[in-house]
Amino acid sequence: MKKILLLIISATILLGSCKKDHKAEPEPVKIKIAEKTTSGGLRIALWADKSEFTVAYNKVYVSLAKPDGSEVNDASLTYHPLMNMISMQHSSPVEQPVYISTEHLYGGAVVFSMPSGEMGSWQLTVNVNNEPVVFDVAVAPLPSGTKYTGTFVGTDGNSYTVSLVEPVLPKIGINDIDVLVNRRADMMNFPADEGFIIELNPEMPSMGHGSPNNVNPAHKSNGHYKGKVNFTMTGDWRLHLKLKKGETVVVEDAALDLFF
Ligand SMILES: [Cu+2]
């Protein structure tokens, strides 16, 4: 009996502390961007972490429901972003969605490389079991002085899109950094590039200083490079990223800017 009581108490403590952890970092509320019905009668909705997509790495979620409201969790889904510009069309880097059972959503990502507006407009086609559902999506520019994604021409002649995945909410001190690198194979295909060695050098341009104790982002999976960045104070920070293949410098300075 004592043993059982002890188990219950320790389980309660464990659960309690687990709950606390979740509170410390609340899961951001998802915002519905658009909703459509497929010809097969499925309700499909697009969701995001923010009220709008921006020129950055954007998590893009999809919910899928039958007419009676019940969830469809075994569909085959793919994302196809397309920007229609006056003289050309192009796509952008994309991470195909997978079903997340805890969220009851399919989750993937799109790097929107430019804002919609005079230059052109974006469509996101979601293929649902091979049926294309086309969403017109607005992509807002980031506040001036910030740059979360950029395209840089390498010494090897390739164009590389370098995007900041994390930190989403930068804080003073050591932050996890996640940088995504994609190579432009052609205007429609941007495969993740896993072959770089990255050197990270943060700088505060307004004050002319850097910071100590950064950890160079190293490749983890699917073109994501993870390390640590140290922001010693709030304000404007520029992340200088040097991309190397072996000893060869491919991109001298892929610079991304953030402000907090
Ligand atoms: Cu464009």
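Our structure's up above, just so we're on the same page.
Residues numbered from 1 in each chain as written. Predicted model: local features only at pLDDT ≥ 70, side-chain atom pairs only at ≥ 80, totals over all residues. Heavy atoms only, no water.

Trainee: Can you help me understand a nonpolar patch on the surface in this one?
Mentor: Together, M88, M187 and M188 make up an exposed nonpolar region whose accessible area comes to about 230 Å². Assignment of secondary structure puts M188 in the loop between β14 (173-183) and β15 (197-203). Taking relative accessible area as the criterion, M188 reaches 39% and is therefore assigned partly exposed. (Patch = residues over 30% accessible without salt bridge, like charges linked within 9 Å, V, L, I, M, F, W, Y side chains within 5 Å. Areas by Shrake-Rupley, 256 points an atom, 1.4 Å probe, with all protein chains shown as cover. Salt bridge = Lys/Arg side-chain N within 4 Å of Asp/Glu carboxyl O. Helix = DSSP H or I, 4+ residues; strand = E, 2+ residues; numbered from the N terminus. Buried < 20%, exposed > 50% of the residue type's maximum accessible area, 1.4 Å probe, protein only.)

Trainee: Got a minute to help me understand the pattern of salt bridges in this structure?
Mentor: Tallied over the entire structure, the rule returns 9 salt bridges. Linking K242 and E252 is a salt bridge whose minimum nitrogen-to-oxygen distance equals 3.5 Å. Remark: E252 occurs in strand β19 (residues 248-259) and K242 occurs in strand β18 (residues 236-245); sequence separation between them is 10 residues. In this structure K242 comes out as partly exposed when scored by relative accessible area, which is 24%. The network of salt bridges with common partners includes K30, D49 and E103.

Trainee: Is there a simple way to explain the sheet that holds strand β12 (residues 149-153) in this structure?
Mentor: Strands sit in the order β12-β13-β14-β17-β16 across an open sheet of 5 strands; the sheet is antiparallel. Only two strands of the sheet have a single neighbouring strand rather than two, namely β12 and β16 (215-221). For this sheet, the mean inter-axis angle between neighbouring strands, taken without regard to orientation, is 30°. As judged from the 5 bridges shared by β12 and strand β13 (residues 159-166), these two strands associate in the antiparallel manner. Its bridge partner lying in β13, F152 is registered against Y160. (Pairing = 2+ DSSP bridges. Axes fitted to C-alpha atoms, helices over the stretch in contact; angles between N-to-C directions.)

Trainee: Where do I start with the coordination of the copper ion in this structure?
Mentor: Each angle at a metal carrying four tetrahedral donors should ideally be 109.5 degrees, and each at a metal carrying six octahedral donors should ideally be 90 or 180 degrees. Protein coordination at the copper ion: the donors are M83 (SD), M85 (SD), H90 (NE2) and M114 (SD), at 2.0 to 2.4 Å from the metal. Metal-centred angles of 96 to 117° between the 4 donor atoms at the copper ion mark the site as tetrahedral. Read from N- to C-terminus, the donor residues coordinating the copper ion fall into the pattern M-x1-M-x4-H-x23-M. Exposure class is identical for M85 and H90. Each is buried. (Donors = N, O, S within 2.8 Å, 3.2 Å for Na, K, Ca; no water. Tetrahedral: all angles 85-135°; square planar, octahedral: opposite > 155°, others 65-115°.)

Trainee: What should I look at first to understand the sheet that holds β19 in this one?
Mentor: The strands that make up a sheet pair up through hydrogen bonds in the backbone, lying either parallel or antiparallel. One open sheet holds the 3 strands; their spatial order is β15-β18-β19, and the pairing between them is antiparallel. Each having just a single partner strand, β15 and β19 make up the two edges of the open sheet. Ignoring which end each strand starts from, the neighbouring axes of this sheet average 20° apart. Taken together, the 7 bridges between β15 and β18 define a ladder with antiparallel strand orientation. Looking across to β18, one finds that P202 is bridged to L239.

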